[in-house]
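Overview (structure and organization)
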Amino acid sequence: MTTVSAETKDRGGARVAVQRFGSFLSGMIMPNIPALIAWGIITALFIDVGPFPNEGLAMIVGPMIHYLLPILIAMQGGRMIYETRGAVVGAIATMGVIAGSDFIVAQFNAGLAEGADELGEVHMFIGAMIMGPLGAYAIKALDALWEGKIKSGFEMLVNMFSAGIGGFLLALAGFYWLAPVINAFMEVMGNAVRWLIETNLLPLTSVIIEPAKVFFLNNAINHGVLTPLGIADAAENGKSILFLLEANPGPGLGVLLAFTVFGTGVARATAPGAILIQFLGGIHEVYFPYVLMKPALLLAVVAGGATGVGTNMVFDAGLRAPAAPGSIFAVLLQTASDSYVGVILSVILSAGVTFAVASAILLSSRKRDLEMAVDSFSAAVAKTEANKGKSSSHLANLSAATQVPAQKITNVIFACDAGMGSSAMGASVLRKKIIGAGIEGVTVTNKAVASLPGNADLVITQQQLTDRARAKEPQAVHVSVDSFMTPRSTTTSSR
């Protein structure tokens, strides 16, 4: 028997579409963050202005940012669609976009009058995020055309040549058609960002980014626009303020501190623990329910975010590469050598401003909150889950597992959209509980919903993802986790 809450049904509309799009972008970028970190370290240490200038080692910087990182992103995007075959074709197609962009820049610079400003290289991160999945979809569709129709003994020959020819054609399309479009888009976006910086209006981006975070719409903005622009900026200047527009942990810290001091009920009790997860662990989603229980707190996080951006502008501060997850440790690790004062102050001041505004809001309604019979925090958690497009099971109340029908469970999977932070933490918590209970023969892993292997016995997801997980694992027992911070009931669906 299957019990499915009506709340678990995915709601349509533009918001859900943006969430899914952002999650897909995140799935391409996040697994390759280690490569970005490595590039940031090499850049910081060995370029001319670094502490250990080395002409030979500095030669790694250019090819890595221009070729390796886009191709890694393209391969990950292709792999998400059509495994290794999609990854290979996506990478081939991306080389066409990279070469096309370089050709356009070279042609433009060759035609410039003497003394005119030349165009710089355009690093094809957006091109990779387009061509990687597109190449995978194309070869997947091509394979479907003759599936089961190939004469025995010719399967490998057809598979190899179809992928090679398909990749070749997509590389041509990228060279001639997509590269000019992306170059023009990057030029427009780059000019827009420069205009915001020159006119001191960049802090206004917090009006969009901070509410977008709370409603889980930030991935499309962050990975679709800010990360490619930030990487291009960092490649030219050694750092970029754009990496801090979304990753600054200060606003979330300020909200949670305000609830710790002036909150009521369950929200106040759980806020200190949430601070450790958000500020040190970098999982920002834990503070979203606190904002949603009082929408006026959006003013606090916007004010704090804008303060942080303004501080970084005053000190000309930036990061060498994206900070992911948004932990204070990751932020400091990626901070440029001349930016520590600005970055640290931006975190402190953004947290302080958010705390001040949030405290005023909480104090204004504190008496009414204390008189309420039902704590609104649980409703806020439910609202967060309704808005969410990702799993948040990292501190899940694993008592839900007791509701699973009695049967042999040996393979447990925590699943979220990207298969990283949230599900990894949830899997770690359950793994420790299983070891502590002396249970043997049970494996606990974490994966993206799209990568579920089809052989799980038990799948644990956030409610919004349960239907998608069930489609990938129809034979498994499915547990929908409500909350990662407070005790709540769960919806269990079983085969």
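For the structure, see preceding data.
Residues numbered from 1 in each chain as written. Predicted model: local features only at pLDDT ≥ 70, side-chain atom pairs only at ≥ 80, totals over all residues. Heavy atoms only, no water.

**A closer look at the overall build of the chain**
What counts here: In DSSP terms, a helix is any run of H or I states spanning at least four residues, a strand is any run of E spanning at least two, and both are numbered starting from the N terminus. Exposed residues in this analysis have more than 50% of their type's maximum accessible area, buried residues have under 20%, and partly exposed residues fall in between, with area computed by a 1.4 Å probe over protein chains only. What sets the accessible areas is the Shrake-Rupley method with a 1.4 Å probe; for residues, cover comes only from the shown protein chains.
In terms of helices and strands, the chain carries 18 helices and five strands. When the 495 residues of the chain are sorted by exposure, 50% land in the buried category. On the chain, roughly 21,900 Å² of surface is accessible, and the fraction owed to carbon and sulfur atoms is 66%.

**Examining the environment of Ile 182**
Put simply, the rule reads: Residues count as neighbours in contact if any of their non-hydrogen atoms are within 4.5 Å of one another.
Topologically, Ile 182 is positioned in helix H5 (residues 155–198). Expressed as a C-alpha distance, the spacing of Ile 182 and Phe 125, which sit 57 residues apart in the sequence, is 9.7 Å. Once you skip the residues sitting within four places of it in the chain, Ile 182 turns out to touch Val 97, Met 124, Ile 126, Gly 127 and Ile 130.

**Some words on a nonpolar patch on the surface**
Our working rule: Patch definition: residues with relative accessible area over 30% and no salt bridge; like charges joined within 9 Å; nonpolar side chains (Val, Leu, Ile, Met, Phe, Trp, Tyr) joined within 5 Å. For this analysis, a salt bridge means a side-chain nitrogen from Lys or Arg found within 4 Å of a carboxyl oxygen belonging to Asp or Glu.
Judged by side-chain polarity, Phe 154, Met 156, Leu 157, Met 160, Phe 161, Ile 165, Phe 168, Leu 169, Leu 172, Tyr 176 and Trp 177 come together as a nonpolar surface patch covering roughly 1,300 Å² of accessible area. Position of Leu 157 among the secondary structure elements: in helix H5. On the accessibility criterion, Leu 157 (47% relative accessible area) is partly exposed.

**Describing the side chain of Thr 270**
Formally: Polar contacts, as used here, are pairs of N or O atoms within 3.5 Å; protein pairs need one atom able to donate a hydrogen and one able to accept it. Residues neighboring in sequence count only if both atoms are side-chain atoms.
In this structure, Thr 270 sits in helix H10 (residues 265–280). Thr 270 sits in the buried class, given a relative accessible area of 13%. Side chain to side chain, Thr 270 and Tyr 290 meet in a polar contact 2.7 Å long.

**Details of helix H4 (residues 125–145)**
What counts is decided by this rule: To estimate how far a helix should extend, the number of its residues minus one is multiplied by 1.5 Å.
Helix length check: H4, at 21 residues, gives a terminal C-alpha distance of 31 Å against a target of 30 Å (1.5 Å per residue), a fit within 8%. Every buried residue of H4 is listed here: Phe 125, Ile 126, Gly 127, Ala 128, Met 129, Met 131, Gly 132, Pro 133, Gly 135, Ala 136, Ile 139 and Asp 143.

**Quick notes on unusual backbone geometry**
Positive phi, close to 50°, is recorded for Glu 83, a residue that is not glycine. Assignment of secondary structure puts Glu 83 in helix H3 (residues 61–110). Unlike most non-glycine residues, Asn 200 shows phi in positive territory, near 60°. Its location among the elements puts Asn 200 in the loop between H5 and helix H6 (206–214).

**Comments concerning the packing of H4 against H5**
The test is simple: Here an angle of 0 to 180 degrees is reported between the N-to-C directions of two axes, which are lines fitted to C-alpha atoms, with helices fitted over the stretch in contact. If an angle is under 35 degrees, it is roughly parallel; if it is over 145, roughly antiparallel; if it lies from 65 to 115, roughly perpendicular; otherwise it is oblique. Each crossing gets its handedness from the near helix: less than a right angle anticlockwise from the far helix is left-handed, clockwise is right-handed. As a working rule, the residues Ala, Val, Leu, Ile, Met, Phe, Trp, Tyr, Cys and Pro are called nonpolar, Asp, Glu, Lys and Arg charged, and the rest polar, with Gly in that last group.
With their axes 10 Å apart at the nearest point, H4 and H5 run at an angle of 150° to one another. If you check the angle between H4 and H5, you find them roughly antiparallel. Between H4 and H5 lies a crossing whose hand is right-handed. Contacts between H4 and H5 pair Ile 126, Gly 127, Ile 130, Met 131, Gly 135, Ala 138, Ile 139, Leu 142 and Asp 143 from the former with Ser 162, Ala 163, Leu 170, Gly 174, Leu 178, Ile 182, Phe 185 and Met 186 from the latter. The class makeup of the residues in the contact of H4 with H5 is 12 nonpolar, four polar and one charged.

**As for the pattern of salt bridges**
Scanning the model with the defined rule gives three salt bridges in all. One salt bridge in this structure joins Lys 239 and Asp 316, with 3.7 Å as the shortest N-O distance. Note that Lys 239 is positioned in the loop between helix H7 (218–237) and helix H8 (244–247) and Asp 316 in the loop between helix H12 (298–314) and helix H13 (328–334), a separation of 77 residues in sequence. Overall, Lys 239 belongs to the buried group, its relative accessible area being 12%. Here Asp 338 makes a salt bridge to Lys 239, at a shortest N to O gap of 2.9 Å.

**Thoughts on the layout of surface pockets**
For the record, the criterion: Lining residues are defined by having an atom within 4 Å of a point belonging to a cavity or pocket. Those points lie on a 1 Å grid over the protein atoms alone, cavities being sets where a 1.4 Å probe fits but cannot get out and pockets being open sets with protein on both sides within 12 Å along at least five of seven lines. Grid points are joined across faces, edges and corners, and a volume is the space filled by probe spheres set on the points.
There is about 1,100 Å³ of room inside the largest pocket. For the largest pocket, the lining is made up of 37 residues, of which Arg 194, Ala 232, Asp 233, Glu 236 and Asn 237 are closest to its centre. Broken down by secondary-structure element, the contributors of at least two residues to the lining of the largest pocket are helix H2 (33–46), H3, H5, H7 and H12. The dominant element in the lining of the largest pocket, judged by the number of residues it contributes, is H5, at eight residues.

**Points about the packing of aromatic side chains**
The condition that has to hold: Under the pairing criterion, centres of Phe, Tyr and Trp rings, with the six-membered ring standing for Trp, must be within 6.5 Å; the plane angle then separates stacked pairs below 30 degrees from edge-to-face pairs above 60, leaving the rest tilted.
A full pass over the atoms with the stated rule returns four aromatic pairs. Summarising the aromatic geometry, the rings of Phe 262 and Phe 355 are spaced 6.2 Å apart at their centres and angled 35° between planes, so their arrangement reads as tilted. Of this pair, Phe 262 sits in helix H9 (residues 250–262) while Phe 355 sits in helix H14 (residues 340–364), and the two are 93 residues apart along the sequence. By the ring-pair criterion, three or more aromatic residues cluster together here, those being Phe 103, Phe 175 and Tyr 176.

**A few points about the pairing of strand S1 (residues 411–416)**
Rule in force here: For two strands to pair, DSSP has to find at least two bridges joining them.
Among the six residues of S1, six are classified as buried, and the element is accordingly described as predominantly covered. Side chains of S1 alternate between two faces, with Asn 411, Ile 413 and Ala 415 and Val 412, Phe 414 and Cys 416 buried alike. Where S1 meets strand S2 (residues 443–448), six bridges bridge the pair, whose relative direction is parallel. The residue of S2 that forms the bridge with Ala 415 is Lys 447. As defined by bridge partners, S1 adjoins strand S3 (residues 458–462) across three bridges and the pair is classed as parallel. By the bridge assignment for S3, Phe 414 is matched with Ile 460.

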